[in-house]
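One-letter residues, chain by chain:
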Amino acid sequence: MTGLDRLLAAVAAIAGGLGVAASAAAAHTSGGETLKTAAQFLLFHAPAVLALTGFSAAGLVRGALARLAAASLLLGLALFSGDLALRALAGTPLFPMAAPSGGVVLMAGWLLAAITVLVPARR
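As recorded by an unreviewed UniProt entry, the protein carries the name DUF423 domain-containing protein and is attributed to Methylorubrum populi.

**Q** Would you mind showing me how to read the pattern of salt bridges here?
**A** Proximity of charged atoms lets side chains of opposite charge pair with each other. Counting across every chain of the model gives two salt bridges. The salt bridge partner of aspartate 5 is arginine 67, with a shortest N-O separation of 2.8 Å. Taken as a pair, aspartate 5 in helix 1 (residues 3–26) and arginine 67 in helix 3 (residues 63–90) lie far apart in primary sequence, 62 residues in all. On the basis of relative accessible area, aspartate 5 is assigned to the buried category, the value being 1%. In this structure, the salt-bridge partner of arginine 87 is aspartate 83, at a minimum N-O distance of 2.7 Å. A residue pair is termed a helical-turn pair when its members lie 3 or 4 positions apart in one helix, as arginine 87 and aspartate 83 do in helix 3 at four residues. On the basis of relative accessible area, arginine 87 is assigned to the partly exposed category, the value being 40%.

**Q** Whenever I open this one, the packing of helix 2 (residues 32–58) against helix 4 (residues 98–118) confuses me. Can you help?
**A** The axes of two packed helices give the description: the angle between them and the distance between them. In contact at an axis separation of 12 Å, helix 2 and helix 4 are set at 30° when each is read in the N-to-C sense. The orientation of helix 2 with respect to helix 4, classified from their angle, is roughly parallel. In this structure, helix 2 meets helix 4 at a crossing whose hand is left-handed. Where helix 2 abuts helix 4, its residues Phe41, His45, Ala48, Leu52 and Phe55 lie against Leu106, Trp110, Ala113, Thr116 and Val117. For the contact of helix 2 with helix 4, the per-class residue count stands at eight nonpolar, two polar and no charged.

Rules behind the numbers
Residues numbered from 1 in each chain as written. Predicted model: local features only at pLDDT ≥ 70, side-chain atom pairs only at ≥ 80, totals over all residues. Heavy atoms only, no water. Salt bridge = Lys/Arg side-chain N within 4 Å of Asp/Glu carboxyl O. Helix = DSSP H or I, 4+ residues; strand = E, 2+ residues; numbered from the N terminus. Buried < 20%, exposed > 50% of the residue type's maximum accessible area, 1.4 Å probe, protein only. Axes fitted to C-alpha atoms, helices over the stretch in contact; angles between N-to-C directions. Parallel < 35°, antiparallel > 145°, perpendicular 65-115°, else oblique. Left-handed = near helix turned anticlockwise from the far one by under 90°. Contact = heavy atoms within 4.5 Å. Nonpolar A, V, L, I, M, F, W, Y, C, P; charged D, E, K, R; others polar.

This is the structure in structure tokens:
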């Protein structure tokens, strides 16, 4: 497992933890639905990033593609969930169009994930 794989997996694990924290906060704050959406995105995408890094580390896929897909998913999560969480908790956006931009990056990450598993690994 490369250092980059470890970093991506660690950030994915942190995203999962933040998803749990955001879920708990959503149950106790106003703006809970927005925060709940952010939490769900974090919790749904963290395992995908862990899987991509695991596939890469095991040599089942091309590592560069898997890392690019994983990084795209994490960047999209930071933008999308970060914007929603900031709006729910602080009443201010991350920056204009952060959530839509994050959504587009997430969709690109999923497309890259599909390409990653379709392109044969080099042996």
